[in-house]
Amino acid sequence: MPKLKTHKGMKKRFTVTATGKAKHRCAFRGHILSSKSSKRKRHLRQDNVLTGVNARLVREGLAPSL
């Protein structure tokens, strides 16, 4: 069997915590920030945690590098 490869796109976008949760950066934070409120930008600074099937898929994609 060939070796499993890490999904490089996932590796750039997601991190897996020590407890196995998948974290990602919020969307809509890259540009055109002048039209967004301060409250919205402040909340977008926090990393979100994936749950359920999405978290499982990210862990599987990153499995070889863990």
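All of the points below concern the structure found in this document.

Thresholds, definitions, all that
Throughout, residues of each chain are indexed from 1 in the direction in which the sequence is written. Confidence filtering applies because this is a predicted model: local features only for residues at pLDDT of at least 70, side-chain atom pairs given and counted only at 80 or more, and all residues used for totals across whole chains, interfaces and linings. Computation of side-chain values: all heavy atoms of the structure, hydrogens and water removed. Salt bridge, as used here, is a side-chain nitrogen of Lys or Arg placed within 4 Å of a carboxyl oxygen of Asp or Glu. Strands are runs of DSSP state E lasting at least two residues, helices are runs of H or I lasting at least four, and both sets are numbered from the N terminus onward. Exposure categories follow from relative accessible area, calculated using a 1.4 Å probe and restricted to protein chains: below 20% of the type maximum is buried, above 50% is exposed, and the middle band is partly exposed. To form a nonpolar core, buried Ala, Val, Leu, Ile, Met, Phe, Trp, Tyr and Cys residues must be joined to one another through side-chain atoms within 4.5 Å. Note on contacts: a residue pair qualifies if any of its non-hydrogen atoms lie within 4.5 Å across the two residues.

1. Points about the pattern of salt bridges
Step number 1: Tallied over the entire structure, the rule returns 2 salt bridges.
Step number 2: Across the salt bridge formed by Glu60 and Arg56, the nearest N and O atoms sit 2.9 Å from each other. Here Glu60 and its partner Arg56 are both found in helix 3 (residues 52–62), 4 residues apart, which amounts to about one turn of the helix.
Step number 3: On the accessibility criterion, Glu60 (45% relative accessible area) is partly exposed.

2. Regarding the nonpolar core
Step number 1: Membership of the largest hydrophobic core is limited to 7 residues, which are Met10, Phe14, Ala22, Leu50, Ala55, Val58 and Leu62.
Step number 2: Looking at this core element by element, the count peaks at 3 residues for helix 3.
Step number 3: For Ala22, the contacting residues outside a window of four places in its chain are Thr15, Asn48, Val49, Leu50, Ala55 and Val58.

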